[in-house]
Amino acid sequence: MNFPSALTAAFFTAALLWGPVASAAPVPGPEARDIDVFTRKALARIGVVPGLSLAVVRGEEPVITAGFGAANVETGVAVDADTRFYVASATKSFTALAIAAMAARGAVDLDTPVADWAGSTKLPPDIARSITLTDLLSHRSGVENDPIAFRAAMSGDHSPRLMQALLAETVKSADTPHGTFRYTNTGYNLATTLIERRFGPDWRALVSREVLVPAGLTQTTAWVSRARRGGVVAVGHTPGPDGASSPSSLQKSTPRCSRRAA
C-alpha cells in the first residue's frame, strides 16, 4: 500500500473491531519520542479517555506503534499496539463501501427504489417504492424504525427472521421528510436487513467479503467473538459525575439469536 509522504496517523479510540497488525516495534527516534510525550500529556489533560492505540506511518515504514492507558480501568489491563477497539459507528463507512462494491459489479443499483430489487419483504410498499439505497446510506430516507434500531444496536437480541419481520414497523418520519439529512442508525439497519434478505450474507459477512479481505485487513473483524479470541479487546467506558471513567453498562456482545454463529 502506498501512503502519502506526510506522516499518516491513525488513532483507534472506540460494529467493527480493529487491532493493529502485530509487528516488531520500530526503533524509537525523535519523532516517536515526541509523539509519545504528546499523547501521554493529551490523555492526562483530557482525563476521560482511559486508553488508546496509535500508529503513525511515513511512506511504508512505521514511525511509532504503541498503546497508552488502560483497556479496562477496573482490571488494569493495559492497552498495547495490538489491543482491539470497537469502532462503533465508523462501521457505517465500511458497510457503505461494501454495498458500493456490490453496486460497482452491477449486483444492486444504489439509485433505484428498493422495491425494484429487494423482492417480497415486510417493508411497507409505499416506502419500498419511494426510497433507494443511496437514501438509506446517506441518512436522507425520511423513514424511522425504532424497534429495528433498538434490536440491532442496544439489545443484541435479534435474528434474521425477527429483523425481517420488523421491517413492517418502518414509518415515514413526521418531522424529517424524504431528502432531508438526519443522522440515525435506521438507514443502515434497513439497508443491511434488505440486502441479507435478497442476497444472503449478513452485514458482517458482507463487509468481510467486500472490504476487509480484499484490503488485507486481517486484524479487523465485524465479529466481537473473533476479536476476543485474537487478543485483548478494550471495553467501552463512560465518564461519571465526578469525571472519572468506568466501564459502560453497554458492551458489545454476540447477538443471542443468530442464524450464523459468530
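This report concerns the structure included in the present document.

**Some details on helix H7 (residues 186–199)**
No. 1: The end-to-end C-alpha distance of H7, which contains 14 residues, comes to 20 Å, matching closely the 20 Å that a straight helix rising 1.5 Å per residue would cover.
No. 2: Burial of H7 is extensive: eleven of the 14 residues sit out of reach of the surface.
No. 3: Three or more residues of H7 are buried, namely Thr186, Gly187, Tyr188, Asn189, Leu190, Ala191, Thr192, Thr193, Leu194, Ile195 and Glu196.
No. 4: Those residues of H7 hidden inside the fold are in contact with helix H2 (91–104), helix H4 (133–137), strand S7 (143–144), helix H5 (146–155), helix H6 (160–166) and helix H8 (203–215).
No. 5: Looking one or two residues beyond H7, the residue adopting positive phi is glycine 200, at roughly 110°.

**So, the nonpolar core**
No. 1: Val114, Trp117, Leu133, Leu136 and Leu194 are the most contacted members of the largest nonpolar core, which totals 29 residues.
No. 2: Only H2, helix H3 (125–128), H4, H6, H7 and H8 provide two or more residues apiece to this core.
No. 3: Of the residues forming this core, the biggest block, five residues, is contributed by H7.
No. 4: By size, the runner-up hydrophobic cluster in this structure holds ten residues, among which are Ile35, Leu43, Leu52 and Val63.

**Considering the packing of H2 against H8**
No. 1: Look at H2 against H8: their axes get within 8 Å of each other, and the N-to-C directions meet at 70°. Considering their axes alone, H2 and H8 lie roughly perpendicular with respect to each other. The residues of H8 that touch H2, namely those facing Thr91, Phe94, Thr95, Leu97, Ala98, Ile99, Ala101 and Met102, are Trp203, Leu206, Val207, Arg209, Glu210, Val211 and Leu212.
No. 2: Among the residues forming the contact of H2 with H8, the class breakdown is eleven nonpolar, two polar and two charged.

**A closer look at the pairing of strand S3 (residues 51–58)**
When a strand is regular, its side chains alternate between the sheet's two faces.
No. 1: Counted residue by residue, S3 has seven buried out of eight residues, so it is predominantly covered.
No. 2: With eight bridges connecting them, S3 and strand S4 (residues 61–72) associate as antiparallel partners. The partner of glycine 51 across the bridge, within S4, is glycine 69.

**Quick notes on unusual backbone geometry**
No. 1: A positive phi angle is found at alanine 88, which is not glycine, with a value near 55°.
No. 2: Mapped onto the elements, alanine 88 comes out in the loop between strand S6 (85–86) and H2.
No. 3: Residue alanine 88 is classed as partly exposed on the basis of its relative accessible area, which comes to 29%.
No. 4: The phi angle at histidine 139 is positive, at roughly 60°, despite the residue not being glycine.
No. 5: By secondary structure assignment, the location of histidine 139 is in the loop between H4 and S7.

What counts, and where the lines are drawn
Residues numbered from 1 in each chain as written. Predicted model: local features only at pLDDT ≥ 70, side-chain atom pairs only at ≥ 80, totals over all residues. Heavy atoms only, no water. Helix = DSSP H or I, 4+ residues; strand = E, 2+ residues; numbered from the N terminus. Expected span 1.5 Å × (residues − 1). Buried < 20%, exposed > 50% of the residue type's maximum accessible area, 1.4 Å probe, protein only. Contact = heavy atoms within 4.5 Å. Core = buried A, V, L, I, M, F, W, Y, C linked by side-chain atoms within 4.5 Å. Axes fitted to C-alpha atoms, helices over the stretch in contact; angles between N-to-C directions. Parallel < 35°, antiparallel > 145°, perpendicular 65-115°, else oblique. Nonpolar A, V, L, I, M, F, W, Y, C, P; charged D, E, K, R; others polar. Pairing = 2+ DSSP bridges.

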